[in-house]
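Descriptive structure summary
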Amino acid sequence: MMPLGRKQPVSILDSPEAAAVQSLFGLNHQQLTTLLGEFSEPAYRVKQLSEALYRGWEEDLAEVSTLPRNLRAAMVERGYAVGLPRIVESFVSIDGTERYLIAGNDGQTVETVWMPDGDGGEAGDGSESGTDLRRATICVSSQIGCAVNCQFCLTAKLGIIRNLTAGEIAGQVVAVLKRHKVKIGKDRINLVFMGMGEPFLNYDEFMAAVRLLVEEVGIPESRMTVSTSGIVPGILRFAQEPIRPKLAISLNAPNDAARTEIMPITKKWNLDHVIAAVRQVPLRAKEKITFEYVLLGGLNDRERDADEVGRLLRRANVPLKVNLIVWNPGPGMPYSMSDPHTVHLFQYRLKFNNLSAYVRRPRGRDIYAACGQLKRTTDNLVQLSGTS
Ligand code: SAH
Ligand code: SF4
């Protein structure tokens, strides 16, 4: 692996004036209605504006020709702008994965990843068939950095810098859809909320982004998966949501003692609590809960660990599958990757325990785009396209 040069997060577009701009992107139907009401505009203008933002992916209010010129001018005058997050850097992997740094209004950047052909993690969820034009998965961030402190995760090293807004979360998706000229309703795009951050520690903005993406952008919730480290109050709220992605739980260890070592959050909510909360989520037809398991060489990848995972998950008694993720290395981290034979044996052992188990194909390791590698790394990489 290439060494990480930078230790501190870097703000790429540090522009104080930009922070004063009020973004339209991120406002829901109700909020747009209130706003246009202040301009004394008729109700149909709301639809025109939301079409321009969420279907037309317009970046400049001046270009929204469906709205009267004087309205656009009045909005600009009052400090409004579209405020769609912008891709400021991109890196392309030899496997086709692309990693972007995307800037919000304050210039802080987050990471978003485009993976052509899906990430393999959706195998077995009943959604593989179809004659779509294109298939891809977008991995979306929910926070800048993360407070959870999992010992094997590079994002944890940043600490928590700040929450993202709903507009910044949904905006990552739209910026990437726009870059790839995706046709909504034709191309098959999956979203995984598995980038930087813990979505359930930014619950309201995260769920507001989901609703925007479903209701306004037009991506079906059945093609979205959110992963959590096991934030129990978040899981319980999620269980009540009428519109929600599928759920993935980062299990990563077969019991509380082992999990506490690598995921100290287990002290707050142990596995029994997490599983009891997961059981509250009413599943749709064919829906399964995903349990993610990062394999750490010699630590949690033994056959007896697989058997213990088998017993634990059988007790959980929910429709589920296990996604095995070979640990992606980061500098200075005291773990190693399980060798392919061990991975295979672990998967076999889970299957022997009557569990569906898949091994997630690593994507974009060469550009630090793989799971747990998102740390806004820009050094030592070939930059293929610059600021847009
Ligand atoms: N915070 C959420 C979602 C982002 S992390 C969560 O933890 O679930 C997404 C997935 O990447 C999690 O399953 C996590 O366990 C895994 N992960 C973190 N660091 C990793 C690494 N270095 N190698 C492989 N997977 C990692
Ligand atoms: Fe945060 Fe997820 Fe990384 Fe844990 S694995 S530190 S919860 S991003």
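Please read all numbers here as calculations on a predicted model, not as lab measurements. All residue numbers refer to position in the chain's written sequence, counted from 1. In the order they appear in the text, chains get letters beginning with A and ligands get numbers beginning with 1. Where totals are concerned, whole chains, interfaces and linings use all residues; where local detail is concerned, this predicted model gives features only for residues with pLDDT of at least 70, and gives and counts side-chain atom pairs only at 80 or more. Side-chain measures were taken over the full set of non-hydrogen atoms in the model, leaving aside hydrogen atoms and water.

On to the overall build of the chain. The helix and strand labels rest on DSSP assignments: H or I over at least four residues marks a helix, E over at least two residues marks a strand, and numbering proceeds from the N terminus. When its secondary structure is counted, the chain shows 11 helices and 14 strands. The rule is simple: take the accessible area with a 1.4 Å probe, protein chains only, and divide by the maximum for that residue type; under 20% is buried, over 50% is exposed, in between is partly exposed. The buried share of the chain, reckoned over its 388 residues, is 53%. Long-range pairs, those at least 24 residues apart, make up 72% of the contacts in the chain with a sequence separation of at least 6. For the chain, the computed accessible surface area is about 16600 Å², with 52% contributed by carbon and sulfur atoms. Contact definition: two residues touch when any of their heavy atoms are within 4.5 Å. Only the protein chains shown count as cover for residues, and the accessible areas themselves come from Shrake-Rupley with a 1.4 Å probe.

We now examine the site of ligand 2. We call a residue near a molecule or strand when any one of its heavy atoms sits within 4 Å of it. With respect to spatial proximity, the complete set of residues near ligand 2 consists of Cys146, Val148, Asn149, Cys150, Cys153, Ala156, Gly197, Glu198 and Ser229. In this analysis the probe radius is 1.4 Å and the grid spacing 1 Å, with only protein atoms considered; a cavity is a set of points the probe fits into but cannot get out of, a pocket is an open set with protein on both sides within 12 Å along at least five of seven lines, and lining residues have an atom within 4 Å of a point. The way we define it, a molecule is inside a pocket or cavity when more than half of its atoms are within 2 Å of that pocket's grid points. For ligand 2, the cavity whose grid points lie within 2 Å of the majority of its atoms is the largest cavity. Across the shell around ligand 2, the residue classes break down as 5 nonpolar, 3 polar and 1 charged. The residue classification treats Ala, Val, Leu, Ile, Met, Phe, Trp, Tyr, Cys and Pro as nonpolar and Asp, Glu, Lys and Arg as charged. All others, Gly included, are polar.

Moving on: the site of ligand 1. Every one of the 19 residues lining ligand 1 counts as a neighbour, but Phe152, Gly197, Ser227, Ser250 and Asn328 are closest to it. Taking Ser250, its side chain carries an N or O atom lying 2.6 Å from an oxygen atom of ligand 1. A total of 530 Å² of accessible area belongs to ligand 1 in isolation, and the protein chains cover 96% of it. One can see that ligand 1 is located within the largest cavity. Counting residues per element, the ones that place at least two in the shell around ligand 1 are strand E10 (224-228), strand E12 (289-295) and strand E13 (320-326). Broken down by class, the residue content of the shell around ligand 1 amounts to 8 nonpolar, 9 polar and 2 charged. Polar contacts, as used here, are pairs of N or O atoms within 3.5 Å; protein pairs need one atom able to donate a hydrogen and one able to accept it. Residues neighboring in sequence count only if both atoms are side-chain atoms.

Attention now moves to the packing of aromatic side chains. Remark: the centre distance and the inter-plane angle together describe each pair of aromatic rings, the angle taken between the planes. Paired rings are identified among Phe, Tyr and Trp, the last through its six-membered ring, by centres lying within 6.5 Å, and are further divided according to the angle between planes into stacked (under 30 degrees), edge-to-face (over 60) and tilted (the rest). With the rule as written, the count across this model stands at 9 aromatic pairs. Their ring planes at 80° and their centres at 5.0 Å tell us that Phe193 and Phe206 sit as a pair that is edge-to-face. With Phe193 in strand E9 (residues 188-193) and Phe206 in helix H6 (residues 203-217), this residue pair connects regions lying 13 residues apart in the sequence. On the basis of relative accessibility, which here comes to 1%, the residue Phe193 falls in the buried class.

For the rest of this paragraph, the subject is empty space enclosed by the protein. Grid points are joined across faces, edges and corners, and a volume is the space filled by probe spheres set on the points. What the rule picks out here adds up to 5 cavities of 30 Å³ or more. As a volume, the largest cavity reaches approximately 490 Å³. In terms of lining, the largest cavity is formed by 30 residues, of which the most central are Phe152, Cys153, Met194, Gly195 and Ser250. Taken together, the residues of the lining of the largest cavity sort by class into 16 nonpolar, 11 polar and 3 charged.

To continue, consider the nonpolar core. It is characteristic of soluble globular proteins that their nonpolar side chains tend to be buried jointly. Side-chain atoms within 4.5 Å link the members of a nonpolar core, which is a set of buried Ala, Val, Leu, Ile, Met, Phe, Trp, Tyr and Cys residues. Among the nonpolar cores identified, the biggest contains 108 residues, and Met75, Phe152, Phe193 and Leu247 are the most heavily contacted of them. Here this core gets 9 residues from one element, more than from any other, and that element is H6. Just so you know, the domain bounds were taken from an automatic or database domain assignment. Per-domain counts for this core show at least three residues from each of domain 1 (22-81) and domain 2 (86-382). When near neighbours in sequence (up to four residues on either side) are disregarded, Phe193 contacts Val140, Ile169, Pro199, Phe206, Val210, Leu213, Met224, Thr225, Val226, Ser227 and Pro245. Counting 6 residues, the second largest nonpolar core, distinct from the first, contains Met115, Cys139, Val192 and Ala248.

In terms of burial, strand E3 (residues 86-92) is largely enclosed, as 5 of its 7 residues are buried. Note that E3 and strand E4 (residues 98-103) share 6 bridges and pair antiparallel. Its bridge partner lying in E4, Phe91 is registered against Arg99. Once E3 ends, the chain turns through 5 residues before running back antiparallel as E4, passing Gly96 with a positive phi of about 95°. We call two strands paired when DSSP finds no fewer than two bridges between them.

In this section: the layout of surface pockets. Considered as a void within the structure, the largest pocket measures approximately 430 Å³ in volume. Phe25, Gly26, Thr165, Ala166 and Gly167 are the residues nearest the centre of the largest pocket, which is lined by 26 residues in total. Contributions of two or more residues to the lining of the largest pocket are made by strand E1 (22-23), helix H2 (29-38), helix H5 (166-179) and H6. The greatest single-element share of the lining of the largest pocket, amounting to 6 residues, is contributed by H6. Each residue belonging to the lining of the largest pocket can be placed in one class, and the counts come to 8 nonpolar, 11 polar and 7 charged. Among the domains, domain 1 (22-81) and domain 2 (86-382) are the pair contributing at least three residues each to the lining of the largest pocket.

Right, let's get into the confidence of the model for the chain. For the chain, per-residue confidence averages 88 on the pLDDT scale, and residues scoring 70 or more make up 85% of the total. A low-confidence stretch, residues 1-19 (pLDDT under 50), is modelled with 43 contacts involving residues beyond four sequence positions or located in other chains. Every residue in residues 119-130 is under pLDDT 50, and counting partners more than four places away or in other chains gives 25 contacts. Per-residue confidence from the predictor is given as pLDDT, running between 0 and 100.

Let's shift gears to the environment of Lys178. Among the structural elements, Lys178 can be located in helix H5. Lys178 sits 121 residues away from Trp57 along the chain, and the two C-alpha atoms are 7.1 Å apart. In this structure Lys178 touches Trp57 and Glu59, once residues within four positions along its chain are discounted.

What follows covers the environment of Leu295. Inspection of the secondary structure puts Leu295 in strand E12. The sequence separation of Leu295 and Val326 amounts to 31 residues, and the corresponding C-alpha distance is 5.0 Å. Not counting the four nearest positions on each side in its chain, Leu295 is found in contact with Asn300, Asp301, Leu324, Ile325, Val326, Trp327, Ser336, Ser338, Val343 and Phe346.

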